[in-house]
Amino acid sequence: MVSSNGGSSIICEKCPENMSGVTQDGWNCITCPKGLTSEGKCKCLNNEILVERSIDGILLNEALCIHCNGSEQSFSASDVSGNRCARCEQTFINVSKSCDCSSPNILTGGLCFSASDSLPPKGIATVRFAQLGITLTSAWFQKNLQSSASACWLYSNLTACQALGNMCVMNMNSLSSSSTDACGLFQYIYVNTARLGIVHSIAFWRHNLPWLYYGDQPGLASQVLEANHFPTIFSFKGTDKDVKLQFIAASFDAAGNFLQWQNLEGGILQLCPDTQTKLNAAYTFGTTYQQSCKISVSKILLDFANPIFYDLFLEYNGENGQQYLWAVPVLNLNLQYSEMFVNQGSNMNNWLLTRRFFLVDTLSGKENDLGKLPRVIRIASKITISIRLVSHTQRGTIYPPLLTIAYTDVLVQNPETQSVMVSFSVSYEMNQSEAQIQTDITLGVLGGLAVLWSLLKTAGWKRRTGSSIIDLQTVLKFLLFYAGDLANVFFVITVGTGIYWLVFFKAQQFVSVLLPLPSQEEDFVTYIACAFSLKALQFLQLLVSQLTIDIFFIDWERPKGKVLKAVEGEGVIKSAAAPVSIWRTYFIANEWNEIQTVRKINPLFQVLAVLFFLEVVGFSNLALMDSSSSLTRTSESYIAPWSRILRFGVSAALWLAIAFLQIIFISVFYERFVEDKISQFVDLCCMSNISVFLLSHSCFGYYIHGRSVHGHADTNMEEMNMNLKREAENLCSQRGLLPNTDGQTFQISISRKMRLHYDRIHETLTRKRGPARLLDSSANTFEQSTRAYNTMNKFLSSFIDHVHKEMDYIVKDKLLLERILGMEFMEPIEKSIFYNDGHSFSDVLYYGNETTLLIFDILFFSIVDLASQSFVLAAILTYLQQEIFRFIRNTLGQKNLASKTLVDERFLI
């Protein structure tokens, strides 16, 4: 080489024939007396060093190969680089009193052992990659296994013992009674060095040996993990010592050299790259941490050329303020004990806990040549730190943490295209068995009460249908009632559970509860699914019942005078009563049609308000599985995974709170000072001289008394205003059904005789749907229906006026217990019963079933959110389903109204 400035341009010249060698630095030519290497540089024999310059730096014409003196006093040999003579390895001196390890002495791994020494068994230099079904001979193990085991056994060499332990860890700490692999040799030395004593009073930590195992006796794992509490407390709010997990790791290289103590912050164990803040969030107490990514094999080979081994500890302060370290056990899922993966089961008593671990092993998979790429690499693809809270603690006491690690074996074929998925997580858990028992007890008690309540409802329904026979319809009705009540039970339990975890987890300072793990939330999600399914069944049943009610508008208006009317077919003119206008009936029918889907809350405002508080104000952040109760998160901060329980708790609490505020505002202010559509409908009936007769069951329904106190409602504006003025000045009678009362709305329980008479007329009213052969041949369909309408109007008005003594009725108040139970104790045998009431006719409208509708909306919103993890999508779909069912209710309700009242559907707008 003639010229090189460190750039891409280099100028070289060929050396002359008499100086064919190139110096080690490449700048000069030199004569090589003992030949050239493949690179064209001088080479020397073993135990010789190459000298190219004099002591003052002058280049020699001919290189020198100087022999290192290995005799006593010197004991020197060439070093690894072959550039200088250094003192030979001590084992050579001990065995042969020289730097030569000739037969019968044993040379292995650069160490010399006497043939008379009691050496450990011959080691097997193989590594088993169980996932790939490959067992290969490792070049690293061939070179170092036997020498490390022998040096550890004979001399208690600390570095050799550490190196042997590392080779056992690279073999997944797997143990087999018949094998003398790295772990077999380690166990052999461990068992036979009991005389050396233990370290820090830890029975599993032998002097001079690394601590690899917690023993292999059954039940040891549960003793290690649960027998003792970690001797410090943690909180969600306090100093760094209280809210941070201070993990410390001792690191070693593959050769057994100690490297350093290092804090885990900064992503020491996290293979996925991220910002410092997000990486360090893993060690904030109470923050459930999850991180995963895909890493290329080429990057792994570049970044982890040499494996690093870790012994993990958790730092804490003693009572005297002195710092202590607590060893963190490792659960290696790839470990095999007698050819069985004992750590992959759920039975803790079968686990075999270990101590040391690594992230990436690119060394043991190298065959024949350590300078070449490995055939197989092993990667820690899943690392989980588990923190378990001690039951019934009030001060944040935890059990010792557990590091669970799973390795993936990768057969290296094309590193540039190959990749592997890796993850790192920190989970927090506590024993949920007590909470589950309490939930089961609550579910059992409330479920039993729901059965009784459903039986009462069924009994009330039987009374209202006028039947006393228990048939299949009765059983089906009971099941429908029970479905609705059981849905309410599930809803109460899930909402209570969600709000409990939300309040007690987020508001605590000293930790006493931890959130359930995702696997522990399955029962909760099942409860929500059951609540939604049963509530949907109840809602559909409610929809069907409202769409099949019997309704009739009683017109109290009487003809004013007579008119002359031509009689068809006779050619004569006769005097007849003046017809009564039908427009008032149409008007009331339209108003009834409009209030069918009026609710106590505004559904659109409800959905938008919930979405605003969740996404804009930031209440959704309360559903994150971390210790923070802040509503805001910065873009730099780590975003913990969602808790399904907290998501439901936050959203349900907001739904209920906003709905409650809406109901208070509408009932206290809006309906009182702006508009009360239900009360206005009753007033409108009275002003129109129209009563409403409703039957929701065979023998039960509602009556709105709309008979005008002025006698007529079909009048001009002047007389109408005069009537209103007289009523305002109390110059006329009151509007009530009974004299001197204001009661206009009633629940009615009618007798069977009354119902049979109603059905006979109603059959004629709806006969237009029957076959043509059943119609009266002397009248067309329209005339038949009109006659039936007039007959029904006359019958119901005469019934209200007590004309039919055999079908009379009485008016009374309901007992308090009857109101509470929603049923009637008296059976209307001889007389029908009118119960004084306050607008409960809204039970056949959306308005009177707000609780059912609200719970259905909440559950629908929650089901969509739990499935999609999106509040926005849940809000959009919830509003869409509200509009769809409102459209169905309006459309079919309008058809039922037209069918039952004979009001032409074209007039219902």
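Note on numbering: residues in each chain are counted from 1, in written sequence order. Residue-level local features of this predicted model are given only where pLDDT is at least 70; pairs of side-chain atoms are given and counted only at 80 or more, and the full residue set underlies all totals for whole chains, interfaces and linings. Calculated side-chain values reflect all of the structure's heavy atoms, with hydrogen atoms and water omitted.

## Here's the deal with the state of the cysteines
Every disulfide links exactly two cysteines, by a covalent bond between their sulfur atoms. Applicable threshold: Throughout, disulfides are identified as pairs of cysteine sulfur atoms within 2.5 Å of each other. By definition, any uninterrupted DSSP run of H or I lasting at least four residues is a helix, any uninterrupted run of E lasting at least two residues is a strand, and each is numbered from the N terminus. To sort residues, take the accessible area from a 1.4 Å probe on protein chains only and compare it with the maximum for the residue type: under 20% means buried, over 50% means exposed, and anything in between is partly exposed.
As enumerated under the stated definition, the model contains 7 disulfides in all. Paired through a disulfide, Cys-44 and Cys-65 show a sulfur-sulfur distance of 2.0 Å. Taking the torsion about the S-S bond as the criterion, the Cys-44 to Cys-65 disulfide, at about -80 degrees, is left-handed. Here Cys-44, found in the loop between β4 (29-30) and β5 (48-53), pairs with Cys-65, found in strand β6 (residues 59-67); they are 21 residues apart in sequence, far enough to count as distant. Given a relative accessible area of 24%, Cys-44 falls into the partly exposed group. The partner cysteine of Cys-68 in its disulfide is Cys-85, sulfur to sulfur 1.9 Å. Torsion about the S-S bond of the Cys-68 and Cys-85 cystine: about -85 degrees, corresponding to left-handed handedness.

## Looking at the nonpolar core
This is how the line gets drawn: Residues belong to a common nonpolar core when they are buried Ala, Val, Leu, Ile, Met, Phe, Trp, Tyr or Cys residues joined through side-chain atoms within 4.5 Å. By definition, residues are in contact when any of their heavy atoms lie within 4.5 Å.
The biggest cluster of nonpolar side chains holds 149 residues, and the ones touching the most others in it are Phe-141, Leu-245, Phe-247, Phe-285, Phe-357, Ile-379 and Phe-424. When residues in this core are grouped by element, the largest group, 10 residues, is from helix α20 (residues 850-868). For Ile-379, the contacting residues outside a window of four places in its chain are Leu-271, Ile-300, Leu-359, Val-360, Ala-406, Tyr-407, Thr-408, Val-410, Val-420 and Val-422. Among the nonpolar cores identified, the runner-up in size contains 27 residues, and Trp-592, Ile-678, Cys-685 and Leu-908 belong to it.

## Here's the deal with the pattern of salt bridges
Quick reminder of the rule: Every case where a carboxyl oxygen of Asp or Glu lies within 4 Å of a side-chain nitrogen of Lys or Arg is listed as a salt bridge.
Enumeration over the complete set of coordinates arrives at 25 salt bridges. Of the charged contacts, one joins Arg-584 and Asp-555 as a salt bridge, the two residues approaching to 2.9 Å between their closest N and O atoms. One end of the pair, Arg-584, is in helix α12 (residues 583-595); the other, Asp-555, is in strand β26 (residues 550-555), and 29 residues separate them in sequence. Pair check on accessibility: Arg-584 and Asp-555 agree, each one buried. A salt bridge links Asp-865 to Arg-647; the shortest N-O distance between them is 2.3 Å. You can see Asp-865 sitting in helix α20 and its partner Arg-647 sitting in helix α14 (residues 644-673), a full 218 residues away along the chain. Of the two residues examined, Asp-865 and Arg-647, each falls in the buried class.

## Brief notes about the confidence of the model for the chain
Here is the rule: A score from 0 to 100, pLDDT tells how confident the predictor is in each residue.
Averaged over all residues, the pLDDT of the chain equals 87, while 94% of them reach at least 70. Contacts from residues 769-779, a stretch scored under 50 in pLDDT, to residues over four places away or in other chains number 7 contacts.

## Quick word on the side chain of Thr-465
Convention followed: Here a polar contact means two N or O atoms within 3.5 Å. Within protein one must be a hydrogen donor candidate and the other an acceptor candidate, and residues neighboring in sequence count only if both atoms are side-chain atoms.
Relative to the helices and strands, Thr-465 is located in helix α9 (residues 433-465). For Thr-465, the side chain forms a polar contact with the main-chain oxygen of Lys-462, separated by 3.0 Å. With residues near it in sequence (within four places) discarded, Thr-465 still touches His-697, Ser-698, Cys-699 and Arg-752.

## Details of the sheet that holds strand β29 (residues 690-695)
How we decide: Pairs of strands are assigned from DSSP output, requiring at least two bridges between the strands. Orientation is described by axes fitted as lines to C-alpha atoms, over the contacting stretch for helices, and by angles from 0 to 180 degrees between their N-to-C directions.
Taking strand neighbours across the sheet as the criterion, the 6 strands line up as β26-β29-β30-β31-β33-β32 in an open arrangement whose pairing is mixed. Strands at the two margins of the open sheet, each flanked by one partner only, are β26 and β32 (809-812). Going from strand to strand, the sheet's axes swing by 20 degrees on average, the running direction of each strand aside. Taken together, the 6 bridges between β26 and β29 define a ladder with antiparallel strand orientation. When the bridges of β29 are listed, Ile-551 appears paired with Leu-694. On the sheet, α12 packs against β26 and β29 and is oriented at approximately 145 degrees with respect to β26. Of the strands in this sheet, β29, β30 (700-704) and β31 (745-749) touch helix α15 (residues 677-688), which is tilted by about 125 degrees from β29.

## Section: the packing of aromatic side chains
Going by this rule: Stacked, edge-to-face and tilted labels apply to pairs of Phe, Tyr and Trp rings (six-membered ring for Trp) whose centres lie within 6.5 Å, assigned for plane angles under 30 degrees, over 60, and everything in between, in that order. In this scheme, Lys NZ or Arg CZ marks a charge over a ring once it lies within 6 Å of the ring centre and within 35 degrees of the ring normal.
Tallied over the entire structure, the rule returns 55 aromatic pairs. With a centroid separation of 4.6 Å and an interplanar angle of 35 degrees, the aromatic rings of Tyr-500 and Phe-504 are classed as tilted. A residue pair is termed a helical-turn pair when its members lie 3 or 4 positions apart in one helix, as Tyr-500 and Phe-504 do in helix α10 (residues 472-506) at 4 residues. Taking 6.0 Å as the distance between ring centres and 75 degrees as the angle between the ring planes, the aromatic pair formed by Phe-613 and Phe-619 counts as edge-to-face. One aromatic cluster is present, formed by Phe-230, Phe-234, Phe-236, Phe-285, Tyr-316, Tyr-324, Trp-326, Tyr-428 and Phe-505 through successive ring pairs. The residue whose ring lies beneath Arg-206 is Tyr-190, and the NZ or CZ to ring-centre distance is 4.1 Å.

## With respect to the pairing of strand β24 (residues 402-411)
Counting buried residues along β24, 8 of its 10 residues qualify, which places the element largely inside the surrounding structure. Pairing between strand β23 (residues 376-389) and β24: 10 bridges, direction antiparallel. Paired with Ser-386 across the strands is Leu-402, a residue of β24.

## As for the environment of Thr-442
Mapped onto the elements of the fold, Thr-442 is located in helix α9. The spacing of Thr-442 and Ile-493 is 51 residues in sequence and 7.7 Å in space, taken between C-alpha atoms. When neighbours within four sequence positions are excluded, Thr-442 is seen to be in contact with Gly-447 and Ile-493.

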